[in-house]
Amino acid sequence: DTISSSGSGEWHRIDIFWDTENIRLVVDYCKSADISELEDGTPPEFDDSSCQARGTIPPFNEYLNVNTPLQLGGRYVQEFDPTHYHWQAMPYGKGFDGCIRNLFHNSKLYDLAHPGLSRNSVSGCPQTDEVCNGQESTFRCWEHGVCVGSLSEARCQCLPGFTGPSCNTPTIPTTFKPQSYVKYALSFEPDRFSTQMQLRFRTREEHGELFRVSDQHNREYAILEIKDSKLHFRYNLNSLRTEEKDIWLSAITVDDGQWHTAKVSRYGSSATLELDGGEGRRYNESFTFDGHQWLLVDKQEGVYAGGKAEYTGVRTFEVYADYQKGCLDDIRLEGKHLPLPPAMNGTQWGQATMARNLEKNCPSNKPCANVICPDPFECVDLWNEYECTCGEGRIVSPDGKGCTDKNECLDSPCRNGGVCINQDPRLRYRCVCLDGFWGENCELVQEGQTLKLGVGALAAILVCLLTILILVLVFVVYNRRREAHIKYPGPDDDVRENIINYDDEGGGEDDMTAFDITPLQIPIGGPLPEMAPKLAYPPLMGQEPNVGIFIEEHKKRADCDPNAPPFDDLRNYAYEGGGSTAGSLSSLASGTDDEQQEYDYLGAWGPRFDKLADMYGQDGESEEEEEQ
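Each value, and the rule that gives it
- Residues numbered from 1 in each chain as written.
- Predicted model: local features only at pLDDT ≥ 70, side-chain atom pairs only at ≥ 80, totals over all residues.
- Heavy atoms only, no water.
- Helix = DSSP H or I, 4+ residues; strand = E, 2+ residues; numbered from the N terminus.
- Buried < 20%, exposed > 50% of the residue type's maximum accessible area, 1.4 Å probe, protein only.
- Contact = heavy atoms within 4.5 Å.
- Polar contact = N/O pair within 3.5 Å; in protein donor to acceptor, adjacent residues only side chain to side chain.
- Pairing = 2+ DSSP bridges.
- Axes fitted to C-alpha atoms, helices over the stretch in contact; angles between N-to-C directions.
- Core = buried A, V, L, I, M, F, W, Y, C linked by side-chain atoms within 4.5 Å.
- pLDDT = per-residue confidence, 0-100.
- Disulfide = S-S within 2.5 Å.
- Salt bridge = Lys/Arg side-chain N within 4 Å of Asp/Glu carboxyl O.
- Patch = residues over 30% accessible without salt bridge, like charges linked within 9 Å, V, L, I, M, F, W, Y side chains within 5 Å.
- Areas by Shrake-Rupley, 256 points an atom, 1.4 Å probe, with all protein chains shown as cover.
- Phe/Tyr/Trp six-rings, centres within 6.5 Å; stacked < 30°, edge-to-face > 60°.
- Lys NZ or Arg CZ within 6 Å of the ring centre and 35° of its normal.

Caption draft 1: The arrangement of the overall build of the protein chain in detail. Summing up its helical and strand segments, the protein chain has six helices and 37 strands in all. Counting over 628 residues, the protein chain shows a buried share of 29%. Considering only residue pairs separated by 6 or more positions, the protein chain has 55% of its internal contacts joining residues 24 or more positions apart.

Caption draft 2: Region of the structure containing the side chain of Arg204. The topology assignment puts Arg204 in the loop between strand E15 (194-203) and strand E16 (208-214). For Arg204, the side chain forms a polar contact with the main-chain oxygen of Asp256, separated by 3.2 Å. A polar atom in the side chain of Arg204 sits 2.7 Å from the backbone oxygen of Trp383. Setting aside its immediate chain neighbours within four residues, Arg204 contacts Asp255, Asp256, Gly257, Lys325, Leu382, Trp383, Asn384 and Glu385.

Caption draft 3: Up close: the sheet that holds strand E2 (residues 14-19). Taking strand neighbours across the sheet as the criterion, the three strands line up as E2-E3-E6 in an open arrangement whose pairing is antiparallel. The open sheet has two edge strands with one neighbour each: E2 and strand E6 (52-56). For this sheet, the mean angle separating the axes of adjacent strands, direction not counted, is 10 degrees. Direction of pairing for strand E3 (residues 22-27) relative to E6: antiparallel, over a ladder of five bridges. Note on E6: the bridge partner recorded for Ile23 is Gly55.

Caption draft 4: Structural detail: the nonpolar core. Of all hydrophobic cores here, the largest spans 39 residues; its most connected members are Tyr184, Phe201, Phe211, Leu224, Leu231, Phe233 and Leu328. For this core, the leading source of residues is strand E14 (residues 174-186), giving four residues. For Phe233, the residues in contact, after removing those within four places along its chain, are Met197, Ala222, Ile223, Leu224, Lys245, Asp246, Ile247, Val264, Ala271 and Leu273. Counting residues in hydrophobic clusters, the runner-up holds 12 residues, among them Cys30, Ile35, Tyr267 and Phe289.

Caption draft 5: A look at the environment of Arg428. Considering the arrangement of structural elements, one finds Arg428 in the loop between strand E34 (419-422) and strand E35 (429-432). The class for Arg428 is partly exposed, based on a relative accessible area of 31%. Look past the residues within four positions of Arg428 in its chain and what remains in contact with it is Glu392, Glu408, Asn422 and Gln423.

Caption draft 6: View of the confidence of the model for the protein chain. Put simply, the protein chain has an average pLDDT of 81, and 79% of its residues get 70 or more. Note on residues 534-538: pLDDT under 50 across the span, and five contacts to partners over four residues away in sequence or across chains. Low pLDDT (under 50) marks residues 585-592, which in the prediction has four contacts with non-local residues, meaning those over four places away or in another chain.

Caption draft 7: Focus on the state of the cysteines. The final tally for this structure, using the stated rule, is 12 disulfides. Each sulfur in the disulfide pair Cys99 and Cys125 lies 2.0 Å from the other. Its torsion about the S-S bond being 80 degrees, the disulfide of Cys99 and Cys125 is classed as right-handed. Separated by 26 residues along the polypeptide, Cys99 in strand E7 (residues 98-100) and Cys125 in the loop between strand E9 (108-110) and helix H1 (126-134) bring together distant segments of the chain. Taken as a pair, Cys99 and Cys125 share a single burial class, namely buried. Residue Cys414 pairs covalently with Cys431 via a disulfide, S to S 1.9 Å. Because the sign of the S-S torsion sets the handedness, a value of about -90 degrees for the bond joining Cys414 and Cys431 places this disulfide among the left-handed ones. Of the two residues, Cys414 is situated in the loop between strand E33 (403-405) and E34 and Cys431 in strand E35; the sequence distance between them amounts to 17 residues. Accessibility classification places Cys414 together with Cys431 in one group, the buried group.

Caption draft 8: Broad picture of the pattern of salt bridges. Under the definition given, this model contains 18 salt bridges. Close ionic contact of Asp15 with Arg13 constitutes a salt bridge, the shortest N to O distance being 2.8 Å. The salt bridge partner of Lys308 is Glu310, with a shortest N-O separation of 2.8 Å. Residue class for Lys308 comes out buried when judged on its relative accessible area of 14%.

Caption draft 9: How the structure looks around the side chain of His232. Inspection of the secondary structure assignment puts His232 in strand E18 (residues 230-236). Of the polar contacts made by the side chain of His232, one reaches the side chain of Asp246; its length is 3.2 Å. Excluding residues within four positions of it along the chain, His232 makes contact with Ile223, Leu224, Glu225, Lys227, Asp246, Ile247, Trp248 and Leu273.

Caption draft 10: Expanded view of a nonpolar patch on the surface. A surface patch of nonpolar side chains, amounting to about 500 Å² of accessible area, comprises Leu70, Leu72, Phe96, Ile100, Tyr110 and Leu112. Mapped onto the elements, Leu70 comes out in the loop between E6 and E7. Taking the relative accessible area as the measure of exposure, Leu70 reaches 59% and is therefore exposed.

Caption draft 11: Here's a closer look at the packing of aromatic side chains. Scanning the entire structure with this criterion turns up 11 aromatic pairs. Here Tyr29 and Phe287 contribute two aromatic rings whose centre-to-centre distance is 5.8 Å and whose plane-to-plane angle is 15 degrees, an arrangement assigned as stacked. On the criterion of sequence distance, the pair formed by Tyr29 in the loop between E3 and strand E4 (34-36) and Phe287 in the loop between strand E22 (283-286) and strand E23 (303-305) is long-range, its members being 258 residues apart. When sorted by exposure, Tyr29 lands in the same class as Phe287, which is buried. Consider the rings of Tyr181 and Tyr304, whose centres lie 6.3 Å apart with planes at 40 degrees: the pair is tilted. Of this pair, Tyr181 sits in strand E14 while Tyr304 sits in strand E23, placing them 123 residues apart in sequence. Each of the two residues, Tyr181 as well as Tyr304, counts as buried. In textbook terms, an aromatic cluster arises when at least three aromatic residues are bridged by ring pairs, as seen for Phe17, Tyr29, Phe46, Tyr267, Phe287 and Phe289. The ring of Trp294 carries the charged tip of Arg192 above its face, separated from the ring centre by 3.7 Å.

Shown next as structure tokens:
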């Protein structure tokens, strides 16, 4: 891939095919070719003059001299006169001004970060890196994605298993049971010339269809599937007759129960198949443009995952090439994420219109449930299979009878010059990173000491702080009002009287259970009531005592005395008789008749009633009789 500072500012792909005497150059998968295909059966027309060039090598020069260093972006030579070597021509040209990435030679990827010799070149692509770091939506792509930028714009390309604008949302896998499938309805129009599929899968079955797109009658199709534990991609672009092409990875088996990422790129009749990054034997391609180049996809009836369902009755169906006892995750068509029920039924790019026999997530069938391994081995769940082996961070000893610590540093996990320190099996290893790098394996680059926050993140932080401040103010105001209410109660809360109900009548001074409300009778913050001077008891000698004056004086004294307890109470009754708890009041009229009354019982009431006893006792009655 190349990007030129003087060109359009977009990334371009260049493929060079050298086969003995023939050489071919293809630019951008020939997407700029002029194509004409009719439905009447006439041969298609394909004009590739704008994107493909062919040539031949002169005789006796068919082989490339690989003993000289590989040079990119220009040629490092010393000035000399070509006539001294009897050269008829000399290569010339100026150096490349731009960026180069993803250099493959015979399926081997070359690392351009540490060249043997360089001049006026740096690692990375500063032009696009500046665009990626300057946009809010892409400056955090490096966590779970890659920023794909041009000289004018940038976007996040999420790693497998992640989605979202900034690639921060993990995808949720789905388990496909027997006779399971998902049917999609797309909300976009698929491109006729190119098809890109990408998905993650996990299985222990040898056969099964992963994903397919086709036309309405299933004559033109592109199918990604597993056959005999190998990954296949087959496609047919001719709707009148079958001209199927098939590319597959013959050296890699995929039924090992591990997660794999498959990626298919079709451009016309050419196609590439990649597995887990697509390097070495995990890559295959068919890079020829012949015959039909278009694939018409029915976006309502032609997109399936897990197999294609054919209805055999009103309510019965059969899934052909059933992908069962496996899991799928992160399905993308033309780079657009498609939903996987039951966790998600729709995205902005498509809806799952039909789904059968699916389960959320990708759980194992618990193979270690009834397995007991001999010491010191333990049962390890390998997803639907088990193995008695050493635990994480340990390996089997050379004699095969025990376990020893695994030295993870032998695999060189630390990147960017980090130093690996082997630790106990529980902690495995630790990387000591150089300045400017961090992460578990020193794979992340520190962008200075400042923390970059987007406008949305800053707004969220400010809203949280404002909410906390409002809650604190409400709490303080509430506590202060509550304290003021307790200290200075309102008029409704000023209780000055206590009303007590009794079931008996006239407790008198024997009623000692009443609550003393003397403190409540003292006015709050006001002067004490004026107390009348205590009057002495009238003398017993001299004039005859007047009972009315005596009672009136004691009543006034009791009313003005704040310390007098309420031994007696006042009751109001609406009626008298059997319904009143106080009983009948008819006995009060007995004092008005002329019958003789006995008052000797007054002497037993105590010293406070001695006066009454003297007035109404036997002595008083005898004096009245003498006066008569």
